[in-house]
Amino acid sequence: MSREHERNAGEPEAPAATHDSAASRRRGAKLEDALLDAAWDVLLEHGYHGFTFEAVATRAGTSRPVLYRRWPHRDALLLATLTRYWRPIALPDTGNLRDDAIGFLRNADADRAGMITLMSVQLVDYFQDTGTSLGELRDTLLPPGHPTAFETIVARAVRRGELPDVPRPPRVLNLPLDLLRHDLFMTMRPVPDEAIEEIVDDVWLPLLRAPGTA
């Protein structure tokens, strides 16, 4: 036996690198981003039913305790994942009520079509298990206390003198986005531009200016 072999025979072998040891080298925000990216991939591929700590940990190349230290239960991880990907829709400021409304709906149509499809298909089990709705989930993801996009659009129009300064119910103010979501749910496809213009021109603007909307 050679001297080198004798030395090696008396030394314990170095442990093989594991996924978790590799993951532990990622720290802070970088590690959390990697975990949420893995969680998003699992949600897209397997839906809420397959959205487990085991599946996310495997995808991220780590262990379940790494996830538990940040999110104590599955729904906390789900909300963190959705919050990361639920980005605000760009709000135009064209100086014109109609153009602001149509521009925002176009942005929402382009940005939310995929998310609406995801939530309506992949999160069905979540809504059933928790007894909640898409509207409640949306409110949870939005920053608290902020006006909605259409509340902002109407407030601008009032300041410019395009609309009278009278009280308007939130259901009236936010109707265009509700109608857009309805079309997205019903068709599972982007909403045509002519339908967006109909929502604004034929439904919303006449309702805002009609007597008795206060």
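Reading the values: rules and limits
- Residues numbered from 1 in each chain as written.
- Predicted model: local features only at pLDDT ≥ 70, side-chain atom pairs only at ≥ 80, totals over all residues.
- Heavy atoms only, no water.
- Helix = DSSP H or I, 4+ residues; strand = E, 2+ residues; numbered from the N terminus.
- Buried < 20%, exposed > 50% of the residue type's maximum accessible area, 1.4 Å probe, protein only.
- Contact = heavy atoms within 4.5 Å.
- Phe/Tyr/Trp six-rings, centres within 6.5 Å; stacked < 30°, edge-to-face > 60°.
- Lys NZ or Arg CZ within 6 Å of the ring centre and 35° of its normal.
- Axes fitted to C-alpha atoms, helices over the stretch in contact; angles between N-to-C directions.
- Parallel < 35°, antiparallel > 145°, perpendicular 65-115°, else oblique.
- Nonpolar A, V, L, I, M, F, W, Y, C, P; charged D, E, K, R; others polar.
- Salt bridge = Lys/Arg side-chain N within 4 Å of Asp/Glu carboxyl O.
- Left-handed = near helix turned anticlockwise from the far one by under 90°.
- pLDDT = per-residue confidence, 0-100.

Participant: Please provide a residue-by-residue account of the overall build of the protein, values included.
Facilitator: Regarding its fold elements, the protein presents 13 helices and 0 strands. Ordering the α and β elements of the protein from the N terminus gives α-α-α-α-α-α-α-α-α-α-α-α-α. When each of the 214 residues of the protein is scored for burial, the buried share is 37%. In the protein, the share of contacts with a sequence separation of at least 24, taken over all contacts with a separation of at least 6, comes to 69%.

Participant: Break down the packing of aromatic side chains for me, with residues and values.
Facilitator: Scanning all chains against the criterion turns up 6 aromatic pairs. A ring pair is formed by Phe150 and Trp204, whose centres lie 5.2 Å apart and whose planes are at 75°; its orientation type is edge-to-face. Residue Phe150 is located in helix α10 (residues 149–160), and its partner Trp204 is located in helix α13 (residues 193–209); the two are separated by 54 residues in the primary sequence. In textbook terms, an aromatic cluster arises when at least three aromatic residues are bridged by ring pairs, as seen for Tyr48, Tyr126 and Phe127. Of note, Arg74 hangs over the ring of Tyr48, and the distance from its end group to the ring centre comes to 4.0 Å.

Participant: How would you explain the packing of helix α6 (residues 74–85) against helix α9 (residues 134–141) if you had to name every residue and give the values?
Facilitator: Two elements in contact, α6 and α9, have axes whose closest approach is 10 Å; the angle formed by their N-to-C orientations is 70°. Considering their axes alone, α6 and α9 lie roughly perpendicular with respect to each other. Contacts from Leu79, Leu82 and Thr83 in α6 reach Leu137, Thr140 and Leu141 in α9. Of the residues contributing to the contact of α6 with α9, the split by class is 4 nonpolar, 2 polar and no charged.

Participant: Give me the pattern of salt bridges: which residues, what numbers.
Facilitator: Two side chains carrying opposite charge are able to pair once their charged atoms lie near each other. Taken as a whole and assessed by the stated rule, the structure comprises 13 salt bridges. A salt bridge links Asp93 to Arg156, with the nearest nitrogen and oxygen atoms 3.7 Å apart. Of this pair, Asp93 sits in the loop between α6 and α7 (97–121) while Arg156 sits in helix α10, and the two are 63 residues apart along the sequence. Residue Arg156 is classed as buried on the basis of its relative accessible area of 14%. Here Arg106 ties to Asp193 by a salt bridge, and the two come within 2.7 Å at their closest N and O atoms. Of this pair, Arg106 sits in helix α7 while Asp193 sits in helix α13, and the two are 87 residues apart along the sequence. The partly exposed category is assigned to Asp193, whose relative accessible area is 33%. When salt bridges with common partners are traced through the structure, they connect Asp33, Asp37 and Arg84 into a single cluster.

Participant: How would you explain the side chain of Asp100 if you had to name every residue and give the values?
Facilitator: Mapped onto the elements of the fold, Asp100 is located in helix α7. The exposure class of Asp100 is buried, given its relative accessible area of 0%. Ignoring sequence-local partners within four residues, the contact set of Asp100 consists of Pro92, Asp93, Thr94, Gly95, Ile153, Arg156 and Arg160.

Participant: Please provide a residue-by-residue account of the packing of helix α3 (residues 28–46) against helix α4 (residues 53–60), values included.
Facilitator: Look at α3 against α4: their axes get within 8 Å of each other, and the N-to-C directions meet at 120°. Comparing the axis directions of α3 and α4 gives the class oblique. As for how α3 packs across α4, the hand of that crossing is right-handed. Mapping the contact onto sequence places Leu35, Ala38, Ala39, Asp41, Val42 and Glu45 in α3 and Ala55, Val56, Arg59 and Ala60 in α4.

Participant: Provide a residue-level description of the confidence of the model for the protein, including the pertinent values.
Facilitator: This prediction gives the protein a mean pLDDT of 83; 82% of its residues lie at or above 70. Counting interchain partners and residues more than four positions distant, the pLDDT-below-50 stretch residues 1–24 has 9 contacts.

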